[in-house]
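Structure at a glance
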Amino acid sequence: MTIHTFSDDSFFTAASLDILSRYEVDLTIGDDFEEYRELLAEGRPDHILGAPFDPTLHDLNEKNAFWIVGRSADGTMMHAQAMRLLDTGTSSVGEFFRYNFRKFPPPGVDIDYQRSRYRAGPGAQRMTGRVCYHGEVWMGGEPGQYRGSGLSSLLGRFAFLTALQRLSPDYIMGFILKPVAFKGFVERQGYMHAEPGALRWYKQGAADPMETFMVYMSNEDARFVLDMPLQELVSLAA
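As the structure is a prediction and not an experimental result, all values here were calculated from the model. (Residues numbered from 1 in each chain as written. Predicted model: local features only at pLDDT ≥ 70, side-chain atom pairs only at ≥ 80, totals over all residues. Heavy atoms only, no water.)

1. Focus: the overall build of the protein chain
The following threshold applies: By definition, any uninterrupted DSSP run of H or I lasting at least four residues is a helix, any uninterrupted run of E lasting at least two residues is a strand, and each is numbered from the N terminus. Just to be clear, the radius of gyration here is over C-alpha atoms, and the globule rule we use is 2.2 Å times residues to the power 0.38. Burial classes: relative accessible area under 20% of the type maximum marks a residue as buried, over 50% as exposed, and values in between as partly exposed (1.4 Å probe, protein chains only). Whether two residues are in contact is decided by their heavy atoms, any of which lying within 4.5 Å being enough. Residue-level accessible areas treat just the shown protein chains as cover; the underlying method is Shrake-Rupley with a 1.4 Å probe.
Each helix and strand counted, the protein chain has 8 helices and 8 strands in total. The C-alpha atoms of the protein chain give 17 Å as radius of gyration, which agrees with the globular expectation for 238 residues (18 Å, within 12%). By its C-alpha atoms, the protein chain is 50 × 35 × 35 Å across when sized along the principal axes. When burial is assessed residue by residue, the protein chain has 52% of its 238 residues classed as buried. Residue pairs at least 24 apart in sequence account for 75% of intrachain contacts in the protein chain once pairs closer than 6 positions are excluded. For the protein chain, the accessible surface area stands at approximately 11,500 Å², while carbon and sulfur atoms represent 48% of it.

Written out as structure tokens, the structure is:
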């Protein structure tokens, strides 16, 4: 088992290597998003690359973005996620999304943009500086193979550490659908803050919206979370 392009020798890394080895998971980090699109086409053919990470829409490179792909022992893709710096300038996250939320739609959904809306919470209005947007989070595998094991806690924290090392963000944030948030995914990923009612997406012709939470953490929050023992979060395979 290897982690490509990762060279931190902290306790977190040692614990991650041990856990990933037990699950026979191999992680690769990259910043070529055309390559990422190709990997998704092969490993997740039913998934459309989201607009925030589409290299035809954004200039994504090693200075402002990265992706992580996980593979099982037989080479099958079992995990993906990505991060990128937002072009917020001097605006707060709340101000940025007030004018740009339509550029961050859920992939593969016919959205009614006239009815959809964004509402900035207190945290979004306070966040400024270098802000990482976290998305494309997915974990596959057979029923019971990875889900419920706590492995998502490791993978989320691995992305946080990679972001700290590569992009030096002041904040990391993303959007999570309300039903997923209510199942505890926010905590499993390691996010310390969540604001309800951030985005309400309406599908064309649908009466009820898809509501999302905005999840976020500061650089300091992320470092605090990374200091927590992984073994207490992940049920190790026998």
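2. A word on the pattern of salt bridges
Cut-off, in case you're wondering: A carboxyl oxygen of Asp or Glu within 4 Å of a side-chain nitrogen of Lys or Arg is what we treat as a salt bridge.
One pass over the structure, following the stated rule, counts 7 salt bridges. In this structure, the salt-bridge partner of R22 is D18, at a minimum N-O distance of 3.2 Å. Of the two residues, R22 and D18 both sit in helix α1 (residues 11–23), 4 residues apart, roughly one turn of that helix. Through salt bridges with shared partners, a single ionic network connects E34, R37 and D54.

3. Examining the nonpolar core
Operational definition: Take the buried Ala, Val, Leu, Ile, Met, Phe, Trp, Tyr and Cys residues and link them wherever side-chain atoms come within 4.5 Å; each set so joined is a nonpolar core.
V25, M83, L151 and I172 are the most contacted members of the largest nonpolar core, which totals 40 residues. With 9 residues, helix α5 (residues 151–166) is the single largest residue contributor to this core. When neighbours within four sequence positions are excluded, M83 is seen to be in contact with F33, F53, N64, A65, F66, C132, Y133, H134, A159, F160, A163 and I172.

4. Here we look at the pairing of strand β2 (residues 65–71)
Selection criterion: A pair of strands counts as paired when DSSP detects no fewer than two bridges linking them.
Most of β2 sits out of view: 6 of its 7 residues are buried. Relative to β2, strand β1 (residues 26–30) runs antiparallel, the two sharing 5 bridges. Among the inter-strand pairings, D26 is bridged to a residue of β2, identified as R71. Two elements, β2 and strand β3 (residues 77–85), share 7 bridges in a ladder whose sense is antiparallel. From the neighbouring strand, V69 faces β3, where its bridge partner is A80. The turn joining β2 and β3, which pair antiparallel and follow one another in sequence, is formed by 5 residues; a positive phi near 90 degrees is taken by G75.

5. A short note on the packing of aromatic side chains
Put simply, the rule reads: Working definition: a ring pair exists when centres of Phe, Tyr or Trp rings (six-membered ring for Trp) sit within 6.5 Å. Plane angles under 30 degrees give stacked, over 60 give edge-to-face, the rest tilted.
Tallied over the full model, the rule gives 15 aromatic pairs. A ring pair is formed by F33 and F53, whose centres lie 5.9 Å apart and whose planes are at 15 degrees; its orientation type is stacked. With F33 in helix α2 (residues 33–43) and F53 in the loop between α2 and β2, the pair connects residues that are 20 residues apart, well separated along the chain. Take F33: its relative accessible area is 2%, and that puts it in the buried class. Pairwise contacts between aromatic rings join F33, Y36, F53, W67, F96, F97, F104, Y118, Y133 and F175 into one cluster.

6. Structural notes on the layout of surface pockets
Regions of empty space are outlined by a rolling probe, equal in size to a water molecule, passed over the atoms. We apply this condition: Method remark: on a 1 Å grid restricted to protein atoms, a set of points is classed as a cavity if a 1.4 Å probe fits but cannot get out and as a pocket if it is open with protein on both sides within 12 Å along at least five of seven lines; lining residues have an atom within 4 Å of a point. Grid points are joined across faces, edges and corners, and a volume is the space filled by probe spheres set on the points. The nonpolar class holds Ala, Val, Leu, Ile, Met, Phe, Trp, Tyr, Cys and Pro. Asp, Glu, Lys and Arg form the charged class, and all remaining residues, Gly among them, are polar.
Computed from the structure, the largest pocket encloses a volume of approximately 1,200 Å³. Mapped by element, the contributors of at least two residues to the lining of the largest pocket are β5 (131–139), α5, β6 (171–177), α7 (185–189), β7 (193–201) and β8 (210–218). Ranked by residue count, the leading element in the lining of the largest pocket is β5, at 7 residues. A per-class count over the lining of the largest pocket returns 24 nonpolar, 13 polar and 6 charged.

7. Some details on helix α8 (residues 219–226)
Residue pairs spaced three or four apart in an α-helix point in one direction, given the helix's 3.6 residues per turn. Basically, it comes down to this: Summarising the geometry, the arc corresponds to the directions from the helix axis toward the C-beta atoms.
Within α8 the residues assigned to the buried category are D221, A222, V225 and L226. With its buried residues spanning 135 degrees around the axis, α8 presents them on a single face. Exposed residues pointing more than 90 degrees away from the buried face of α8 are listed as E220 and F224. Tucked into the core, α8 has its buried residues touching α1, α5, β7 and β8.

8. Topic: the pairing of β3
Taken across its 9 residues, β3 has 9 buried, putting it largely inside the fold. In this sheet, β5 lies alongside β3 in antiparallel orientation, the contact comprising 6 bridges. Note on β5: the bridge partner recorded for H79 is M139.

Don't take any of this as a statement about function, it's just geometry.
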